Amino acid sequence: MRSTLSLAETQATLLLREVPAAQASRPAPAGKPPLVSPRTLDAQGNLVLVPARDWTSGFFPGYLWLLSEATGHASWQAPARAYTANIEGEKTNGTTHDMGFKVYCSFGTGYRYTQDPAYKEVLLASARTLSTRFNPVIGAIRSWDHHQDVWGFPVIIDNMLNLELLFAATRLSGDSSFYKIAVQHANTTLRNHFRPDYSTYHVVDYSPANGAVVTRTTHQGAAPESAWARGQGWALYGYTMCYRETGNPAYLAQAERVADYLLRHPNLPADGVPYWDFNAPNIPNEPRDASAGAVMASALYELSTYSQQGAAYRAQADKTLASLAQNYAAPAGTNHGFLLLHSTGSKPAGSEIDVPLSYADYYFMEALVRQQHLAAGREVVAGARVVGAKSKP
Ligand code: GLY
């Protein structure tokens, strides 16, 4: 992986030049918030930047923290700190569930390296804001505020990733309320999001009046009953992380069932990088989703440390990571500095198909750091903490 890290450094150097250039040449329109983080490329190949409120804003800063660890080069920490600072205002943005993606991947990952008390305060403020979206009747955190004409209380499987911020907040503050919300959300999702084969729905809509499930459907997948690839990755990552944080064997069992569903799926390509949906209609002539492959690889490394099937999970993660490094990496000096090609954001929306995505690079680098740790006989890293003792309040 040395050559991959060298490529990653070349690309990150380029991206750090390209972002200010794009900010200068295509700034946010007057009255709109500044564009602070790279997300993808548009159809013309231009770099797409996003404001802090975008769900992807935390990945580039988090990537730089991870790159610093993976390479052992502290020089990445100054830009990591600068791009992390841009996200701070999100700590009071209660209009979305994406707080974990935005703030935990940036400030949380940075806290692991810096132990900066100011970062801790941002994490706690963010957790308090995210908690305001919890509905005790439903036992879940509301995901989206859009589509209010269609959904009363939508919860998407992606939301599992935001729980990591809440677990961290309890550990950092001693306030168990965050932990309790995270556990209730994980339990509600475990009950309602999964099919008998342990694939997951993308969206479950609940009645705010009585907490009943109203609809199970999709937003980014091929069909309501299909298995959207990144969603399966979020489920795998989410329950692996919940087991780490709670020690609840039900979460470990769920993570293993999801892993087994994915690894045995006839539509999982031999290189371990899924098509954008396991039930996409024209497989094998469908775009891949490298981001889903990267999320799954990172989760499988962690799961391998808890499971009796650990050797198989680690082998699968190794294979996927090698495929991504060998066959999905951008040539040096291209793609404005992104590392991985061939991800899919939302195929049904015709958006971000077969492109680089900042979160593909983030989870790839996290997987690579986890691989390094396992190879050295150390525990895998995770957000603001190195995996260790269980963290019940
Ligand atoms: N959380 C949004 C996505 O995975 O596309």
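All of the points below concern the structure found in this document. (Residues numbered from 1 in each chain as written. Predicted model: local features only at pLDDT ≥ 70, side-chain atom pairs only at ≥ 80, totals over all residues. Heavy atoms only, no water.)

**A word on the side chain of Lys102**
And step 1. Along the chain, Lys102 falls in helix H4 (residues 99-114).
And step 2. Lys102 sits in the buried class, given a relative accessible area of 0%. (Helix = DSSP H or I, 4+ residues; strand = E, 2+ residues; numbered from the N terminus. Buried < 20%, exposed > 50% of the residue type's maximum accessible area, 1.4 Å probe, protein only.)

**Describing the nonpolar core**
And step 1. Among the nonpolar cores identified, the biggest contains 114 residues, and Leu163, Leu166, Leu236, Tyr363, Phe364 and Met365 are the most heavily contacted of them.
And step 2. Not counting residues within four places of it along the chain, the set of residues in contact with Phe364 comprises Thr4, Ala294, Leu321, Leu324, Ala325, Leu339 and Leu340.
And step 3. Core analysis: the second largest hydrophobic core is formed by six residues, Ile138, Ala140, Val155 and Tyr206 among them. (Core = buried A, V, L, I, M, F, W, Y, C linked by side-chain atoms within 4.5 Å. Contact = heavy atoms within 4.5 Å.)

**Thoughts on the environment of Tyr251**
And step 1. Examined against the element boundaries, Tyr251 turns out to sit in helix H9 (residues 249-263).
And step 2. With a relative accessible area of 1%, Tyr251 lands in the buried category.
And step 3. Measuring from C-alpha to C-alpha, the distance between Tyr251 and Tyr359 comes to 24 Å, with 108 residues separating the pair along the chain.
And step 4. Leave out the neighbours within four places in its chain, and Tyr251 touches Val183, Ala186, Asn187, Leu190, Tyr239, Cys242, Tyr243 and Thr246.

**Side note on the packing of aromatic side chains**
And step 1. Across all of its chains, the model carries 21 aromatic pairs by this definition.
And step 2. One aromatic cluster is present, built from ring pairs that chain together Trp55, Phe59, Phe101, Trp234, Tyr237, Tyr359, Tyr362 and Tyr363.
And step 3. The ring of Tyr201 has Arg195 sitting right over it, with the charged end atom 4.0 Å from the ring centre. (Phe/Tyr/Trp six-rings, centres within 6.5 Å; stacked < 30°, edge-to-face > 60°. Lys NZ or Arg CZ within 6 Å of the ring centre and 35° of its normal.)

**Points about the side chain of Thr240**
And step 1. Here Thr240 is to be found in helix H8 (residues 229-246).
And step 2. Those residues in contact with Thr240 that lie beyond four places of it in its chain are Ala255, Ala299, Glu302, Leu303 and Tyr306.

**A short note on the site of the ligand**
And step 1. Lining the immediate surroundings of the ligand are Trp55, Asp158, Gln220, Trp228, Arg230 and Trp234.
And step 2. Asp158 has a polar side-chain atom sitting 2.7 Å from a nitrogen atom of the ligand.
And step 3. Arg230 places a side-chain nitrogen or oxygen 2.5 Å from an oxygen atom of the ligand.
And step 4. Within the complex, 93% of the 200 Å² of free accessible area of the ligand lies under protein.
And step 5. Grouping the amino acids of the shell around the ligand by side-chain chemistry returns three nonpolar, one polar and two charged. (Near = heavy atom within 4 Å. Polar contact = N/O pair within 3.5 Å; in protein donor to acceptor, adjacent residues only side chain to side chain. Areas by Shrake-Rupley, 256 points an atom, 1.4 Å probe, with all protein chains shown as cover. Nonpolar A, V, L, I, M, F, W, Y, C, P; charged D, E, K, R; others polar.)

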